[in-house]
Amino acid sequence: MSPATAGSGHRPDAMRRAALADNAWTFIVLAALAMPFAVHTLLSGSILPLTLAALFLFGGAGSLALNRSHKYAHAATSQVATIMAGGAVLAAADPHLADFGLATAVLGPVLASLLADGPLRRLSWVAFGVIVIASFALADLTLPVDPDIATHPGFVTLLAAALVVALSANRINRAYEVYDKRQVAAYRHLIEHVQDGVMRFSEEGELVYASPSCETVFGCRRYELTGKALGERVHVADRPAYLTAFADASRGGTPRTIEVRIRRDRPGESPSVPRYFWSEVGFSPIAEAGGHKERFEVVALIRDITERKDQEAEAREARKAAEQESGAKSRFLATIGHELRTPLNAVVGFSEMMMQGIGGEPSPTHREYAGLIHQSGKHLLEVVGMLLDMSRLEAGKFELQTDTITPEILIEPSFGIVEALARERGTTLKTEIVRPLPVLVADERACRQILINLLSNAIKFSHAGSTVAVSMKRQGQDLNISVSDRGIGMDASTIARIGEPFFQANGGLDRRHEGTGLGLSIVKGLVELHGGTLRAISEVGVGTTVTVLLPLNGPARKVLETAPVATLHRESAATQTTPWQDEKRKAL
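Description of the structure in this document. As a convention, each chain's residues are numbered from 1 in the sequence order in which they are written. With pLDDT at 70 or above as the cut-off, local features in this predicted model cover only qualifying residues; side-chain atom pairs require 80 or more to be listed or tallied, and sums for whole chains, interfaces and linings still use all residues. The side-chain numbers reported here are obtained from all heavy atoms of the structure, hydrogens and water having been left aside.

Side note on the overall build of the protein chain
No. 1: Runs of E in the DSSP output that reach at least two residues are strands. Runs of H or I that reach at least four are helices, and both are numbered from the N terminus. If you tally the helices and strands in the protein chain, you get 16 helices and 13 strands.
No. 2: Burial here depends on accessible area, computed with a 1.4 Å probe over protein chains only, as a share of the maximum for the residue type. Under 20% is buried, over 50% is exposed, and the range in between is partly exposed. The burial tally for the protein chain puts 38% of its 588 residues in the buried class.
No. 3: A separation of at least 24 residues holds for 66% of the contacts in the protein chain among residues at least 6 apart in sequence.
No. 4: As presented, the protein chain carries roughly 33300 Å² of accessible surface, and 58% of it is formed by carbon and sulfur atoms. Here, residues are in contact when the closest pair of their heavy atoms is within 4.5 Å. The method behind every accessible area is Shrake-Rupley, applied with a 1.4 Å probe, and residues are considered shielded solely by the protein chains displayed.

Thoughts on the side chain of S414
No. 1: Relative to the assigned elements, S414 resides in helix 13 (residues 411-425).
No. 2: When sequence neighbours within four positions are dropped, the list of residues in contact with S414 reads R448, L451, I452 and L455.

Notes on the nonpolar core
No. 1: Formed by 42 residues in total, the largest nonpolar core has its most connected members in L440, L451, L454, L455 and V483.
No. 2: Broken down by element, the residue count for this core peaks at 9 residues, all from helix 14 (residues 444-460).
No. 3: Leaving out residues up to four positions away in the same chain, L455 has contacts with S414, F415, V418, V468, V470 and V483.
No. 4: A19, A31, A116 and I131 belong to the second-largest nonpolar core, a separate cluster that totals 25 residues. Put simply, buried Ala, Val, Leu, Ile, Met, Phe, Trp, Tyr and Cys residues joined by side-chain atoms within 4.5 Å make one nonpolar core.

Describing the pairing of strand 5 (residues 297-304)
No. 1: Pairing between strand 1 (residues 197-201) and strand 5: 5 bridges, direction antiparallel. Directly across from F201, in strand 5, lies its bridge partner V298.
No. 2: A pair of strands counts as paired when DSSP detects no fewer than two bridges linking them. Inspection of the sheet shows strand 4 (residues 275-286) paired to strand 5 by 8 bridges, in the antiparallel sense. For S279, the partnering residue across the bridge sits in strand 5 and is D304.

A short note on the packing of helix 2 (residues 48-68) against helix 3 (residues 72-93)
No. 1: Helix axes are fitted only over the stretch in contact, all axes being lines through C-alpha atoms; the angle between N-to-C directions runs from 0 to 180 degrees. Running from N to C, helix 2 and helix 3 cross one another at 170°; their axes reach a closest spacing of 8 Å. Looking at the two axes, helix 2 sits roughly antiparallel to helix 3. Contacts between helix 2 and helix 3 involve L48, T51, L52, L55, F56, G59, G62, S63, L66 and N67 on the former and, on the latter, Y72, H74, A75, S78, Q79, T82, A85, G86, V89, L90 and A93.
No. 2: For the contact of helix 2 with helix 3, the class distribution of residues is 11 nonpolar, 10 polar and no charged. Note on terminology: angles under 35 degrees are roughly parallel, angles over 145 are roughly antiparallel, angles of 65 to 115 are roughly perpendicular, and the others are oblique. Classification used: nonpolar for Ala, Val, Leu, Ile, Met, Phe, Trp, Tyr, Cys and Pro, charged for Asp, Glu, Lys and Arg, polar for all others including Gly.

Structural notes on the sheet that holds strand 1
No. 1: Read from one edge of the open sheet, 5 strands run 2-1-5-4-3, paired in antiparallel fashion. On the outer flanks of this sheet lie strand 2 (207-210) and strand 3 (256-264), each paired with one strand and no other. Neighbouring strand axes in the sheet, compared pairwise and without regard to direction, differ in orientation by 30° on average.
No. 2: Sheet analysis places strand 1 next to strand 2, joined by 3 bridges and oriented antiparallel. For R200, the partnering residue across the bridge sits in strand 2 and is Y209.

Notes on helix 14
No. 1: Expected helix span is given by 1.5 Å per residue-to-residue step, counting one fewer step than there are residues. In this model helix 14 runs 24 Å from its N-terminal to its C-terminal C-alpha over 17 residues, within 8% of the 24 Å that 1.5 Å per residue would give.
No. 2: Buried residues dominate helix 14, accounting for 12 of its 17 residues.
No. 3: Residues of helix 14 that are buried: A446, C447, I450, L451, I452, N453, L454, L455, N457, A458, I459 and K460.
No. 4: N-capping of helix 14 is provided by D443, with a side-chain oxygen placed 3.0 Å from the backbone N of R445. In the analysis that follows, any N or O atom pair within 3.5 Å is treated as a polar contact, provided that within protein one partner can donate a hydrogen and the other can accept it, and provided that, for residues neighboring in sequence, both atoms belong to side chains.

Quick word on the pattern of salt bridges
No. 1: Between Lys or Arg on one side and Asp or Glu on the other, a salt bridge is scored when a side-chain nitrogen of the former is within 4 Å of a carboxyl oxygen of the latter. Inspection of the entire model under this criterion finds 16 salt bridges.
No. 2: In this structure, D304 and R264 form a salt bridge, with 2.7 Å as the shortest nitrogen-oxygen distance. Highlighted residues: D304 in strand 5 and R264 in strand 3, separated in sequence by 40 residues.
No. 3: Two residues, E444 and R448, come together in a salt bridge whose shortest N-O distance is 3.4 Å. Within this pair, E444 and its partner R448 are both found in helix 14, separated by 4 residues, close to a single helical turn.
No. 4: Taking relative accessible area as the criterion, E444 reaches 31% and is therefore assigned partly exposed.
No. 5: Take R448: its relative accessible area is 23%, and that puts it in the partly exposed class.
No. 6: Look at the salt bridges and you will find they share partners, linking E259, E280, R308, K309 and E312 into a network.

Some words on the packing of helix 13 against helix 14
No. 1: For the pair helix 13 and helix 14, interaxial distance at closest approach is 9 Å and the crossing angle is 15°. With respect to each other, helix 13 and helix 14 are oriented roughly parallel. Crossing geometry of helix 13 relative to helix 14 is assigned as right-handed. Contacts between helix 13 and helix 14 involve I411, P413, S414, F415, I417, V418, L421, A422 and R425 from the first element and R448, L451, I452, L455, S456, I459 and K460 from the second. Note: crossing handedness is left-handed where the near helix turns anticlockwise from the far helix by less than a right angle, and right-handed where it turns clockwise.

If you want it as structure tokens, here you go:
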């Protein structure tokens, strides 16, 4: 992370920023101290010392200003450029190959490696290469010898650059030492105060460390957990899984997590009656970077999951009880349905015979009574049939007999069954079919039952003299069947409960509409068996539209067998024509 992007919470990066400020002040102070000597040599005819002093003075001042403006990357670039510029000036002033210019310039990349990010490090080495090439071009391959090297400007510049690099390295080294100590202290604090047990095993599998929380987890003192104590505490039935997971982590270097039962000691209790608790044990191998080892040290994290296991067991028992209760309910409904159907068929049949005068002409009063018996018996048969269908759906025993059908053939028989109810309510039945319709792979009887139930509901909750419309059209890879009415409608809370068994809108004791509340439940179940969806849009006092989407290829949809739907450009509203052929039918 570069000094420019480091956050205040990173200790080494904070020390880098401090090192940048110290380096800037070092440049300024050294340049200021060297300035009188540089002016003196300028009067003697040598401009090199003054050039170097001015370069370091301006470089240090610029770097300090950038550092205070929080432009740390630019400040580092300024310092590296100052050192390398000084080396370049010295290399140009002394045309020999081995001089103080190259020695000073090489310290620029060294400083960049300490304070800067990757791009500046690479750029500094490129610049150093350019300086070296220039020195080769100007060198006469003779080594310079200066009798007074202590006063040589190149030597002083080299010492200044080396001092800056040394100060930066020392500051960053101290930062990392402090950072490492704090990290170790933080990890130790975490391990010693975590509620889960933490254990460390050697490469030979011997226990070398146990956290203080292990005393609570195992119910004993830490010194009692010696050698292979953890393996000895694991339940016998779980030891194979424990040993396998430990071997995978120790020899294979693979982290593993297992759930095993571990013995927990209790003071004052006999050890002959062990107590076990469910635990989640995570084994993590300690792998060294860049090293390949045959065996690894392993850190184990032991967490008590007894409460979670108890909750899972309770959930399993509750689910099992619910399944048994649901099965018993379904069997009860099926038994009652079969037991009721036989006598009800007799009631319906004999009452119809009485109405037709078979066995003797009844009086008008008896004929009326027979009609009521016949009507009530048929109603009970319908209720029993719905109960049987619902019980089969809930038990998952409703089998579909799929075949290829033409969707239009569902309308006539469905209308024929509900037309008596529609005539009684004074309701008009209407169809809206977008032709041509694709063929449908489905169970014809189930689809007819879906449409009958939707029509019955729509007629039942419609106002007298209103219209119930059935529409069919292709919608992508589905068949859209919608039944709309202009009845009492439903609110949002009622729509959310559509499909619940025995639920009915206005289902209180003062309800005005008869029914068991199973019609839409059966529809939902049959639609889901086909792999379709059931949707409803309704508004109180306006009406309801229930839409069923059935996959064209049946319950096991095969997308490749369904031809893609071409995207058509819509015509404008003025020229658009409807392909619907409405068929209206008035129930007389």
